[in-house]
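Architecture at a glance
Chain by chain, the residues:
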Amino acid sequence: MLQLNAAYEDIRVYTAEAERLGITRGQVADAVGVTRQQLYKILTHATSL
């Protein structure tokens with residue numbers, strides 16, 4: 001569970017940096033292997049563990 005939370009936090013940080021560089025959320029979702037909806041839930045802390 002702790003590893004999953006750490007992974008989610010890494011994804012949040014990565015996404016913020018990627019957006020700063022002009023990379024879309026769709027591209028980030030593809031890169032980390034999740035759907036756009038799953039990425040949105042990770043970014044808004046709406047994931048259920």
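Residues numbered from 1 in each chain as written. Predicted model: local features only at pLDDT ≥ 70, side-chain atom pairs only at ≥ 80, totals over all residues. Heavy atoms only, no water.

Some points on unusual backbone geometry
A negative phi holds for most residues other than glycine; trans holds for most peptide bonds. Definition in use: Secondary structure is summarised from DSSP: a helix means a run of H or I of at least four residues, a strand means a run of E of at least two, and numbering begins at the N terminus for each. Residue burial is assigned from relative accessible area. The probe radius is 1.4 Å, only protein chains are included, and a residue is buried under 20% of its type maximum, exposed over 50%, and partly exposed in between.
Unusually for a residue other than glycine, His45 sits at a positive phi of about 60°. Tracing the backbone shows His45 in the segment after α3 (36-43). Note on His45: relative accessible area 55%, which makes it exposed.

Re the pattern of salt bridges
Rule in force here: The term salt bridge refers to a pairing of a side-chain nitrogen on Lys or Arg with a carboxyl oxygen on Asp or Glu at a separation within 4 Å.
Here the structure, examined in full by the defined rule, presents 3 salt bridges. Glu9 is the partner of Arg12 in a salt bridge, and the nearest nitrogen-oxygen pair spans 3.3 Å. Of the two residues, Arg12 and Glu9 are both situated in helix α1 (residues 2-20); the distance of 3 residues between them amounts to about one turn of the helix. When the shortest N-O distance is used, the salt bridge between Arg20 and Glu17 registers 2.7 Å. Taken together, the residues span about one helical turn, with Arg20 and Glu17 both in helix α1 at a distance of 3 residues. For Glu17, a relative accessible area of 37% corresponds to the partly exposed category.

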